[in-house]
Amino acid sequence: MSYNIALQFEDGVSRIIPCEPNELIADAAYRAKINIPLDCRDGACGTCKCHCESGSYTMGDYIDDALADDEAASGYVLTCQMKPTSDCVVRVPASSAACKTEVGAHGGKLTKIQRDSSTTVSFLLEAERPLAFLPGQYVNLMVPGSKETRSYSFSSAPNKSELAFLIRDVPDGLMSTYMRQKAQPEDFMMFTGPYGSFYLRPAVRPILMLAGGTGLAPFLSMLLWLKENPTDQPIRLAYGVNTNDDLVELETLDELKSNLPNFEFFTCVVDQESGHPRQGYVTNHLSGDDLHDGNVDVYVCGPPPMVEGVRKWMSGVGVTPRNFHFEKFSSANEAVAA
């Protein structure tokens, strides 16, 4: 059994490679033709120092000049001495170009198109093989009949050949127009990825998820992964939209709630005429208790004003979360993650 090692490069590109239990990460990378920084290969120079963001591993011998004790304690590793004991995410302090690797190019057939509402479209692609990615990441999907791409987060779990996407139907939008007027089952679509630093970290403390509109997509991917990899930590999702018609995937969320005992969610609608029991923005319906005195990982995905609104809310509450991960997207779905 091999482990999946996600190499995260400085330019946002991810490559997920297999690594055998007794194999060094550096060797697995070179076997995959990825030239991550490396020099001495014996733990003496520190050239291959990276940060392991999640996963477990063992380390071979190295000297303090290459990796200090405080660095090792905070998750830094030497890939020439690191052997995984689980799947791992490793952040490489170099660009994908510097490591002589390219982002993966993939293709799949369009198998389902569904208009979930007048403002939202969901669709499925059947990829040529199961695709590895981190729950929450996105791909650049090429619009058929053009050379342009749009960035969309997966709304499905990793390591499946059936890939799901949830997108906003933008008036006159290139992908929206294709989906509305031209798309047919069996259409072939190309995409590159995965990309992005907005992905689910290990669930070691309470999780607060805040989704705006189709920013729900990456959270569906995360929750589906958590369904297969349960946690005892409480998970709360606040899902906000502009109008009642924008609320989608509620049946999926109900099903996830029935399968994830520690998961709860609520919805809210900005439109004051909606009649929805919760009106306004998601932060209007949260309290300081949701931040668990700072012992919480906060994830936000939505338009830029929403992300900044969450920042202001946390500042007003006076609580700083242990981790704050966000992804902003524009009307063209260009993601900016941190």
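Rules used throughout
Residues numbered from 1 in each chain as written. Predicted model: local features only at pLDDT ≥ 70, side-chain atom pairs only at ≥ 80, totals over all residues. Heavy atoms only, no water. Core = buried A, V, L, I, M, F, W, Y, C linked by side-chain atoms within 4.5 Å. Buried < 20%, exposed > 50% of the residue type's maximum accessible area, 1.4 Å probe, protein only. Helix = DSSP H or I, 4+ residues; strand = E, 2+ residues; numbered from the N terminus. Contact = heavy atoms within 4.5 Å. Phe/Tyr/Trp six-rings, centres within 6.5 Å; stacked < 30°, edge-to-face > 60°. Lys NZ or Arg CZ within 6 Å of the ring centre and 35° of its normal. 1 Å grid on protein atoms, 1.4 Å probe; cavity = no way out; pocket = protein on both sides within 12 Å on 5 of 7 lines; lining within 4 Å. Points joined across faces, edges and corners; volume = space filled by probe spheres on them. Nonpolar A, V, L, I, M, F, W, Y, C, P; charged D, E, K, R; others polar. Pairing = 2+ DSSP bridges. Axes fitted to C-alpha atoms, helices over the stretch in contact; angles between N-to-C directions. Polar contact = N/O pair within 3.5 Å; in protein donor to acceptor, adjacent residues only side chain to side chain. Patch = residues over 30% accessible without salt bridge, like charges linked within 9 Å, V, L, I, M, F, W, Y side chains within 5 Å. Areas by Shrake-Rupley, 256 points an atom, 1.4 Å probe, with all protein chains shown as cover. Salt bridge = Lys/Arg side-chain N within 4 Å of Asp/Glu carboxyl O.

Caption draft 1: Seen up close, the nonpolar core. In terms of nonpolar packing, the biggest core is built from 28 residues, with Met209, Phe219, Leu223, Leu237, Tyr239, Leu253 and Phe263 touching the most fellow members. In terms of residues, this core owes the most to one element, helix H4 (residues 216-228), which gives seven residues. Setting aside its immediate chain neighbours within four residues, Phe263 contacts Leu223, Ile235, Leu237, Leu253, Leu256 and Lys257. Grouped together as the second largest cluster of nonpolar side chains are 24 residues, Tyr3, Leu7, Ile25 and Val77 included.

Caption draft 2: Inspection of the packing of aromatic side chains at higher detail. In this structure the tally under the stated criterion is eight aromatic pairs. Centre to centre, the rings of Phe263 and Phe265 are 6.0 Å apart; their planes meet at 20 degrees, and the pair counts as stacked. Of the aromatic side chains, those joined through ring pairs into one cluster are Phe123, Phe133, Phe154 and Phe165. The ring of Tyr199 has Arg201 sitting right over it, with the charged end atom 3.8 Å from the ring centre.

Caption draft 3: Focus on empty space enclosed by the protein. Summed over all chains, the structure comprises three cavities of 30 Å³ or more. Here the second largest cavity defines a volume of roughly 50 Å³. In terms of lining, the second largest cavity is formed by Pro230, Thr231, Ile235, Leu260, Pro261, Asn262 and Phe263. For the lining of the second largest cavity, the residue count by class is five nonpolar, two polar and no charged.

Caption draft 4: Region of the structure containing the sheet that holds strand S13 (residues 188-195). Strand order across the open sheet formed by six strands is S11-S10-S13-S8-S9-S12, with antiparallel pairing between neighbours. The sheet terminates laterally at strand S11 (149-153) and strand S12 (160-168), the two strands that pair on one side only. The average angle at which neighbouring strand axes cross in this sheet is 40 degrees, direction not considered. Summarising the sheet, strand S8 (residues 105-117) and strand S9 (residues 120-131) pair through eight bridges and their orientation is antiparallel. In the strand pairing of S9, Ser117 is matched with Thr120. Most of the contacts of helix H3 (residues 174-182) go to S8, to which it runs at about 70 degrees, and overall it touches S8, S9, strand S10 (138-142), S11, S12 and S13. Contacts between H4 and the sheet are confined to S11 and S12, with S12 contributing the most and set at about 145 degrees to the helix.

Caption draft 5: Examining the side chain of Asp297 more closely. Among the structural elements, Asp297 can be located in strand S17 (residues 297-302). Polar side-chain contacts of Asp297 include one of 3.2 Å to the side chain of Arg205. Discounting chain neighbours no more than four positions away, the residues touching Asp297 are Pro202, Arg205, Pro206, Ile207, Leu208, Arg322 and Asn323.

Caption draft 6: Structural view of a nonpolar patch on the surface. Together, Met142, Phe188 and Met190 make up an exposed nonpolar region whose accessible area comes to about 260 Å². Taking relative accessible area as the criterion, Met190 reaches 37% and is therefore assigned partly exposed.

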